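Close look at the chain arrangement
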Amino acid sequence: MMSWIVLALVLAGPAPLAAAPAVPVPSLRRLAQEPPPEQPTEEPKAEAEDGNGKEGTSPYLAVVGGEVHTVTDGVLPAATVLCKGDRILKVGAGVRVPEGARVIDATGMKVYPGLIAVRSSGIVSGRGESVRDEYDPFALNVDLGLAGGLTAVETGGAVAKLLRHSVEGALIGKPDWVTVSYSPSSPRARREWRARLEGARDFLRRQRSYEAAKAAGEEDISPPDPKSVNQQALRLLQRQATARFNADSAKDLLAVCELLEDFPMNAVIFGGREAWTLADRLGRTGARLVITPRAKRRPDPELSRPNGWSIENARILWEHGVEFAIVPGQAYITTGGIAGRDLLTLPMEVAFAIRGGLPEEAALRSITIDAARILGVEDRIGSIEPGKDADLIVCDGDLFDYRTFVQWAVVAGDIAYDKQMAPYFAHIRPRPEPSAGEVIDAVIEGIRDQQDEAAEDGGDGGSNRAGDGS
Amino acid sequence: MPAAAALLLLAAPLCPPQDEAPEPPAGRPLIFRVDRIETLAGEPIENGFLQVRDGVIEKIGDVLVVPEGAVVHDLRGDGSTILPPLVLARAGFLIHSTRGGGRNGRFRAIDSLWLEEGELHDLLAEGILIVAIDPPGDGIPGRTSVLATDVEGHRPEALVEDLHLRLRMEGGLRGAKDLMRKAIADAEKAIEKEKEARAAWEKARAEWEARQKAEAEQKKQQEQKQGQEQGSGGRSEPSARGRGSAQEPPPGQDGGRNGGKEEEQEPPKEFQPPKIDPNLVPVVEWLRRERVAWVSFDKPAAVLHWLDLLGDRDPAWSAILGGGSRFSRFAGNFMEVRDALAAAGVRVLLPAVLPNLPYTRIPTHPAAELDQAGVEIVLLPPRGDLEGVRSFRLALADLVREGLDRRIALEAVTLRPAAALGQEEIVRPLEVGAPANFIVFDGDVLDPTAEVQYVLHDGRVVFDRSLEEEEE
């Protein structure tokens, strides 16, 4: 049998099998090369154009045949995500794959947007603007983050993309957060913040009446002096910045709710362990939360009201319209196990929210689009939509199943992680190798293709593929 | 005479090696017979000889006719080899002083040199004839210098005192990048300033010259006019008056003009460029492509940040992989930037090691991979100290055993580093007419138990192990 395979391989010569210098694991399947039922508006060409592909590499990357969880547009079975350069070009079942495109065969797999951690440390070095100059795409934790499905993380006030082969474009945003220390345990800090916000509100009122008077033709009036106002408070009230609170207990959360009711502003609350006890009130304030479903808070039996942590926290918040992102208890990566409580296994933390009744759709949102919204980068990442950044992951099972591994992570249109090529998990349930029959079929098909191309006096053909098999 | 030569030819293999007289009197040939000559000019010569006379290679081949009066060293039998001398492209360990980071472009490595007794001789004993020294310090530490190892003294004369601009993209990426970015920006500003100054000077000069020309023209016309007047008027007196009138008013005019000119002042005949901070001068020269920069990187990300920093600029630079004095055991991920380095088309200097992928025991072969990607590699010892130099050939043998082409490996420690240091006239392929610079091993070059027996520089035996042993 083997000799036949060898013979077939010899006969095939430079068949598509050998035509994959960029990705050492060539696909053995024919993928979506049939005439398209739907023509792309833009006629794709085989040669490298712009985009971030290396010279001679097609700017197109197609993830073909997977169950695509777009997040914002439902689930598409056996669909193709076609990326061009660093953006998603098309998503759908009938998308034609341009000749020469790099192809990931996701048949039988699930495709999700890249996951987003709204808090991280130790994955990307640098804070804020300095991420641009300090980003290390070859850092171990970047690779491990990708292995865990992350494609973007918040780090020290910046949002960084986990690029693997370049440093350009690593910094994609800087959430404008103003940390507001507002806890009942610190009456002074509360008083100060209230005073600042009141001052800012007064200023805005005076500003409005000044403008109205000026519009009415009054002349001997002077504008209010902005110097006397706390600028952070002003930006918060004008919704130019977002207030960042840390509040876990119902008491703290209630205080935050009261503040937000008095001074409506954009807010994100980290913690929220007892948020389920006042979900309706939180929902009315429009505040977003960053929660950890497994974070515990011992209930106080002395209290008559509901209190303590609940596995149903996320579900209750969801039902009351509170938007939230989920982070694990440790916002960094350790190699101390594959199902730990850190960013190596972010979906595992989310799985506990699902266990508490959160719908899977909402669970996925909490680590994709809703997380992106909290970070202010929802126009670029968080869902699989044409025009958005080509950041996605291909999983060999349901994202929230403990057995599931990320098989590929694509960041900015570049295959940043391939489980079979990385040294971490390749040996655990390796990607199935093609059977001898499949090899022969592929070789024969390759020969036929070559003959067809020769008959047509065609071009170079040969896709660079990353597919199943090794 | 031919009979005598034939007799000598027959007799030569029977003669014992005449080690007692390594250097023959002037004009007499010196012959080495070895098992293999790695000429690096073509195929190696097996069972060959190399004849030196008056500092050059007179003959090289496998059929020897021993000329009269020749001194013959016959080392055949144990796999002895002749090779062009080794070149050490980077040696920080010869510098014993320290300096901090920052922009220190004005320093030359040679100025920090104060050699311990016998330090260069130790290198010579390893077959290294040329060594480049690094200025101490981080950031932009200065310029490299090049030494021959057959010189003496604590502060010997250099072959080249001021060669490459040394840059270190090491440590914190942001700090290093900031330093380089500012240096490049300042250098570009200095270049721009000079360009503007030159344009202003050229303009002033052109205007001044035009004025001079116009004045000369005017003067000429006046003279012509006067000449005409003279021609039409009387002969004796008017001519004297005419001369007087022609001479007198112009001095007044000239005087006035000259006075004006004195106020204006003649622009200098030669352009005087504005002064540049001496720490910035080599950076300016580098950006003008008058100098090569040797940039070292301690991690692959630094290479990408460096390329990001360069942007569209295209000054000449070479990459040194591995920061500090040694390569990390886990620096295998340098291969992630293999294609970027190949695309940049730069020479890459790297230690002769097989580092693992980070946090794994998966070995990589950066030298072979870079070579396959079309990069010109120059190999450095596995460690940046004398011990590293001593294990250089063992490390080289490892690389060759694991797949690096032997010829490439040998060139990467001889001809290529020599060319990188501008010393290609000293370390050349072994051919007739080339200067007699080579080393003789008593075994194969890649056999770590083989030792350097002789080192020749311009036909002089500058190292002779038998003499060393005698001394001991």
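Everything below is about the structure printed above this text.
Note that residues are indexed from 1 along each chain, following the sequence as it is written. Chain letters and ligand numbers both follow the written order, the letters beginning at A and the numbers at 1. Per-residue local features are limited, in this predicted model, to residues with pLDDT of at least 70; the limit for side-chain atom pairs, both in listing and counting, is 80 or more; totals at the level of whole chains, interfaces and linings are taken over all residues. Excluding hydrogens and water, the side-chain figures rest on all heavy atoms present in the structure.

**Notes on the overall build of chain B**
- Per the convention used, a helix needs a DSSP run of H or I reaching at least four residues, while a strand needs a run of E reaching at least two, with both numbered from the N terminus. Within chain B, the secondary structure is distributed over 14 helices and 17 strands.
- We call a residue buried when its accessible area falls under 20% of the maximum for its residue type, exposed when it is over 50%, and partly exposed in between, using a 1.4 Å probe and counting protein chains only. Within chain B, buried positions represent 49% of all 472 residues.
- By definition, residues are in contact when any of their heavy atoms lie within 4.5 Å. Expressed as a percentage of contacts within chain B between residues at least 6 apart in sequence, the contacts between residues at least 24 apart total 72%.

**Side note on the overall build of chain A**
- When helices and strands are counted, chain A shows twelve helices and 18 strands.
- Going through the 470 residues of chain A one by one, you find that 53% of them count as buried.
- Looking at chain A alone, contacts between residues at least 24 apart form 66% of all its contacts between residues at least 6 apart.

**Quick notes on the pairing of strand S16 (residues 452-457) of chain B**
Residues and elements named next belong to chain B.
- Taking burial as the measure, the six residues of S16 include six buried ones, the bulk of the element.
- Where strand S15 (residues 438-441) lies against S16, four bridges are found, and the strand directions are antiparallel. Pairing of Val440 across the sheet is with Tyr454, part of S16.
- Any two strands between which DSSP finds at least two bridges are classified as paired. Here S16 hands over to strand S17 (residues 460-464) after two residues, with Asp458 in that stretch at a positive phi of 50 degrees.

**Quick word on helix H3 (residues 140-147) of chain A**
All names here are of chain A.
- For H3, the buried fraction is high: seven of the eight residues fall into the buried class.
- Looking only at H3, the buried set comprises Asn141, Val142, Asp143, Leu144, Gly145, Leu146 and Ala147.
- Packing partners of the buried residues in H3 comprise strand S7 (150-155), strand S16 (406-411) and strand S17 (414-418).
- Directly after H3, the chain includes Gly149, whose backbone phi takes a positive value near 95 degrees.

**Some words on the environment of Ser366(A)**
All names here are of chain A.
- Assignment of secondary structure puts Ser366 in helix H10 (residues 360-366).
- As a C-alpha pair, Ser366 and Val350 span 16 residues in sequence and 8.1 Å in three-dimensional space.
- Two N or O atoms count as a polar contact when they lie within 3.5 Å, although within protein this holds only if one can serve as hydrogen donor and the other as acceptor, and sequence-adjacent residues are included solely when both atoms are side-chain atoms. A polar atom in the side chain of Ser366 sits 2.6 Å from the backbone oxygen of Ala363.

**What about the sheet that holds strand S6 (residues 86-91) of chain B?**
Residue and element names in this part refer to chain B.
- Strand order in the open sheet made by the three strands is S6-S7-S9, with mixed pairing throughout. The sheet is open, and its two borders are formed by S6 and strand S9 (145-148), each paired with just one other strand. For this sheet the average axis-to-axis angle between neighbouring strands, irrespective of direction, equals 20 degrees.
- Alignment of S6 against strand S7 (residues 128-133), held across four bridges, turns out to be parallel. Looking at S7, one finds that Leu88 is bridged to Val131. All axes are obtained by fitting lines to C-alpha atoms, using only the stretch in contact for helices, and the reported angles, taken between N-to-C directions, cover 0 to 180 degrees.

**Side note on the pattern of salt bridges**
Residues and elements named next belong to chain A.
- A carboxyl oxygen of Asp or Glu within 4 Å of a side-chain nitrogen of Lys or Arg is what we treat as a salt bridge. All told, the structure shown has 68 salt bridges over all chains when counted by the stated rule.
- Two residues, Glu274 and Arg297, come together in a salt bridge whose shortest N-O distance is 3.2 Å. Of this pair, Glu274 sits in the loop between strand S12 (267-271) and helix H7 (279-285) while Arg297 is found in the loop between strand S13 (288-291) and helix H8 (313-319), placing the two residues 23 residues apart along the sequence.
- Judged by its relative accessible area of 33%, Arg297 falls in the partly exposed class.
- The salt bridge involving Arg365 is made with Asp370; its shortest N-O contact spans 3.3 Å. By the burial criterion, Arg365 is buried, and Asp370 matches it.
- One connected set of salt bridges, linked through shared partners, spans Asp86, Arg87, Lys161, Arg380, Asp389 and Asp391.

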